[in-house]
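Breakdown of the fold
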Amino acid sequence: MYRRIVVLTGAGISAESGIQTFRDQDGLWEQHHIEDVATPEGYERNPELVETFYNDRRAQLALDTVQPNAAHLALARLEREFNGDCLVVTQNIDNLHERAGSHQLIHMHGELAKGRCPGSGQTFMLQAPFGPDNVCTCCLPAERLRPHVVWFGEMPLEMERIYDALERCDLFLAIGTSGTVYPAAGFVEVANHYSAHSVEVNLAPASGQSQFQYHMTGRAGELLPKLVDNILAGAPLW
């Protein structure tokens, strides 16, 4: 019976809800230069372009067709019913985990739903699209809010808390992630080092798949409900 679980989710889990991913062949980076919309330097050069990019991403989340899928709901159920610690660490900046009911959640790459004051670092839930009039309430004069998103060259969020959880967990699940982007790609090595079981759930084996002890190939929305059933029942996972 497991006592402490860490779950890492990537773009694959959100893609099943209709969220366009960044790294696929027809993904968002194919339409934009990374240095223009996902770096501090790009934001400094052209904040309007960057704001439009992230406003479009936020608008996509508001579509009726974009809803949490069975995988998001299964992870929320795991947190709710598991008799132990369960932490979801997501590389995604959407709010689908929250909408599914997850609360023990770290957005290591930030959140589309928030803006951040570039001066104080304080974050704010967005009430309006990014723009020159969307400003903080913590500074005088007020500063224009930037997207609360970790850009290239910036440090992912809450890494100390994540590594602490990985060092204490006895089960590590990686769901819908390519396994190519560090530091997240190295999480399985940490979990293995501390003797946790490690399981990959993906449409195809990730590049670091040899690090995982077990592999489940297929759609997360189809595989996770049964996997969660087995965890909660204390049954074998494979």
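How each quantity is defined
Residues numbered from 1 in each chain as written. Predicted model: local features only at pLDDT ≥ 70, side-chain atom pairs only at ≥ 80, totals over all residues. Heavy atoms only, no water. Helix = DSSP H or I, 4+ residues; strand = E, 2+ residues; numbered from the N terminus. Expected span 1.5 Å × (residues − 1). Buried < 20%, exposed > 50% of the residue type's maximum accessible area, 1.4 Å probe, protein only. Contact = heavy atoms within 4.5 Å. Salt bridge = Lys/Arg side-chain N within 4 Å of Asp/Glu carboxyl O. Pairing = 2+ DSSP bridges. Axes fitted to C-alpha atoms, helices over the stretch in contact; angles between N-to-C directions. 1 Å grid on protein atoms, 1.4 Å probe; cavity = no way out; pocket = protein on both sides within 12 Å on 5 of 7 lines; lining within 4 Å. Points joined across faces, edges and corners; volume = space filled by probe spheres on them. Nonpolar A, V, L, I, M, F, W, Y, C, P; charged D, E, K, R; others polar. Parallel < 35°, antiparallel > 145°, perpendicular 65-115°, else oblique. Left-handed = near helix turned anticlockwise from the far one by under 90°.

Attention shifts here to helix H4 (residues 47-61). For H4, which comprises 15 residues, the first-to-last C-alpha distance of 21 Å matches the rise-based estimate of 21 Å (1.5 Å per residue) to within 8%. For H4, the full list of buried residues reads Pro47, Val50, Glu51, Phe53, Tyr54, Asn55, Arg57, Gln60 and Leu61. Buried residues along H4 sit against helix H2 (34-37), helix H3 (40-45), helix H6 (96-100), strand S4 (110-116) and strand S6 (146-149).

A few words now on the pattern of salt bridges. If you walk through the whole model with that rule in mind, you get twelve salt bridges. Between Arg144 and Glu51 there is a salt bridge, with the nearest N and O atoms lying 2.7 Å from each other. Pair noted here: Arg144 is in the loop between strand S5 (123-125) and S6 and Glu51 is in helix H4, with a separation of 93 residues, a long-range link. Take Arg144: its relative accessible area is 24%, and that puts it in the partly exposed class. On the basis of relative accessible area, Glu51 is assigned to the buried category, the value being 3%. Across the pair Arg161 and Glu158 runs a salt bridge, and its minimum N-O distance is 3.1 Å. Judged by relative accessible area, which is 37%, Arg161 ranks as partly exposed. Of the residues examined, Glu158 reaches a relative accessible area of 42% and is grouped as partly exposed.

To summarise the sheet geometry, strands pair through backbone hydrogen bonds and adopt either a parallel or an antiparallel arrangement. The antiparallel open sheet is built from three strands, whose spatial order is S5-S4-S6. The open sheet has two edge strands, S5 and S6, and neither has a second partner. Each adjacent strand pair in this sheet contributes to an overall mean axis angle of 55 degrees, direction not counted. Bridging between S4 and S6 involves four bridges; their strand directions are antiparallel. In the strand pairing of S6, Arg116 is matched with Arg146.

Our focus in this paragraph is the layout of surface pockets. Taken as a whole, the second largest pocket encloses approximately 170 Å³ of empty space. Listed by contribution, the elements that provide at least two residues to the lining of the second largest pocket are strand S1 (4-9), strand S2 (85-90) and helix H7 (159-168). With four residues, the top contributor of residues to the lining of the second largest pocket is H7. Grouping the amino acids of the lining of the second largest pocket by side-chain chemistry returns six nonpolar, one polar and five charged.

Orientation of helix H5 (residues 70-81) relative to helix H9 (residues 220-233), taken along the N-to-C sense of each, is 15 degrees, at an axis distance of 7 Å. Put simply, H5 runs roughly parallel to H9. Here H5 runs over H9; the crossing is left-handed. Mapping the contact onto sequence places Ala70, Ala71, Ala74, Leu75, Arg77, Leu78 and Glu81 in H5 and Ala220, Gly221, Leu224, Pro225, Val228, Asp229, Ile231 and Leu232 in H9.

Function cannot be read off these values alone, since they describe shape.
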